[in-house]
Amino acid sequence: MSVEAALLVPVVMAVVALLVQPACVLYTRAVMAATAGEVARLAVTSRGGEGELRSYALRRLAAVPDVPAFHEGGPSAWEIEVTGPGDDGIVSVSISGRVRPLPLLGAFVSMLGADDGGSVELRVETTGALRAGWIGGEYGDWIEMWG
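The structure contained in this document is the topic of the report that follows.

Taken across its 10 residues, strand β2 (residues 90-99) has seven buried, putting it largely inside the fold. Pairing of strand β1 (residues 79-83) with β2, which is carried by five bridges, proceeds in the antiparallel orientation. Across the sheet, residue T83 finds its bridge partner in β2, namely S92. In this sheet, strand β3 (residues 120-129) lies alongside β2 in antiparallel orientation, the contact comprising 10 bridges.

Once that is clear, we can look at the nonpolar core. Core analysis: the largest hydrophobic core is formed by 24 residues, its most contacted members being V93 and I95. Only α1 (2-45), α2 (50-61), β1, β2 and β3 provide two or more residues apiece to this core. Leave out the neighbours within four places in its chain, and I95 touches M32, T35, A36, L61, W78, E79, I80, L122, R123 and V124.

Moving on, we get to α2. For α2, which comprises 12 residues, the first-to-last C-alpha distance of 16 Å matches the rise-based estimate of 16 Å (1.5 Å per residue) to within 8%. The set of residues buried in α2 consists of L53, Y56, A57 and L61. For α2, the buried positions fall inside an angular range of 135 degrees around the axis, keeping them on one side. Opposite the buried face of α2, at more than 90 degrees from it, the exposed residues are G51, E52 and R59. The inward-facing, buried residues of α2 abut α1, β1 and β2.

Turning our eyes to something else, we now look at the environment of G37. For G37, the position within the fold is in helix α1. On the basis of relative accessibility, which here comes to 13%, the residue G37 falls in the buried class. Sequence separation of G37 and T127 is 90 residues, and the distance between their C-alpha atoms is 8.7 Å.

Here we take up the sheet that holds β2. Backbone hydrogen bonds hold the strands of a sheet together, and the pairing may be parallel or antiparallel. Spatially, three strands are ordered β1-β2-β3 in an open sheet, and the strand pairing comes out antiparallel. Unpaired on one side and paired on the other, β1 and β3 mark the two borders of the sheet. Neighbouring strand axes in the sheet, compared pairwise and without regard to direction, differ in orientation by 10 degrees on average. Contacting β1, β2 and β3, α1 crosses the sheet at an angle of about 155 degrees to β2. Packed onto the sheet, α2 meets β1 and β2 and runs at close to 135 degrees relative to β1.

Direction vectors running N to C along α1 and α2 enclose 150 degrees, while the axes themselves pass 9 Å from each other. Classified by the angle between their axes, α1 and α2 sit roughly antiparallel to one another. The element α1 and its partner α2 pack so that their crossing is right-handed. Here V31, M32, T35, E38, V39, L42 and A43 of α1 come into contact with α2, specifically with L53, Y56, A57, R60 and L61. The residue makeup of the contact of α1 with α2, split by class, is nine nonpolar, one polar and two charged.

Definitions and limits used
Residues numbered from 1 in each chain as written. Predicted model: local features only at pLDDT ≥ 70, side-chain atom pairs only at ≥ 80, totals over all residues. Heavy atoms only, no water. Buried < 20%, exposed > 50% of the residue type's maximum accessible area, 1.4 Å probe, protein only. Helix = DSSP H or I, 4+ residues; strand = E, 2+ residues; numbered from the N terminus. Pairing = 2+ DSSP bridges. Core = buried A, V, L, I, M, F, W, Y, C linked by side-chain atoms within 4.5 Å. Contact = heavy atoms within 4.5 Å. Expected span 1.5 Å × (residues − 1). Arc of directions from axis to C-beta. Axes fitted to C-alpha atoms, helices over the stretch in contact; angles between N-to-C directions. Parallel < 35°, antiparallel > 145°, perpendicular 65-115°, else oblique. Left-handed = near helix turned anticlockwise from the far one by under 90°. Nonpolar A, V, L, I, M, F, W, Y, C, P; charged D, E, K, R; others polar.

Structure follows, in structure tokens:
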């Protein structure tokens, strides 16, 4: 029985390691995508500046653990870009961060040439016309009415 266990334990640990990394990356991307959508809606409906939008996004991105398998570099490493809204109501939000793969997958990533100093960039972009076309008036008129 010990011979089987000596073979089975490393195989099981390798399989678990191969399953953990994609789960970490998918969780990080899900939080990033949800944050990008929320920031886009906030950019359309608020009068806040870019600093307030960034702090709002960082509060949402705090749900991602500051562990290299999830996100590397702490809160200051997130790159958040918000463009818009213009007169047409189109907003574009881009969030990017870096992830350091676990050692087993890190070898594959470096062989593929996709790593940059041992880490991989994750990027999420959201673009949309979040202001309905049937709403009359300009954006500033609505802000003055409700603000």
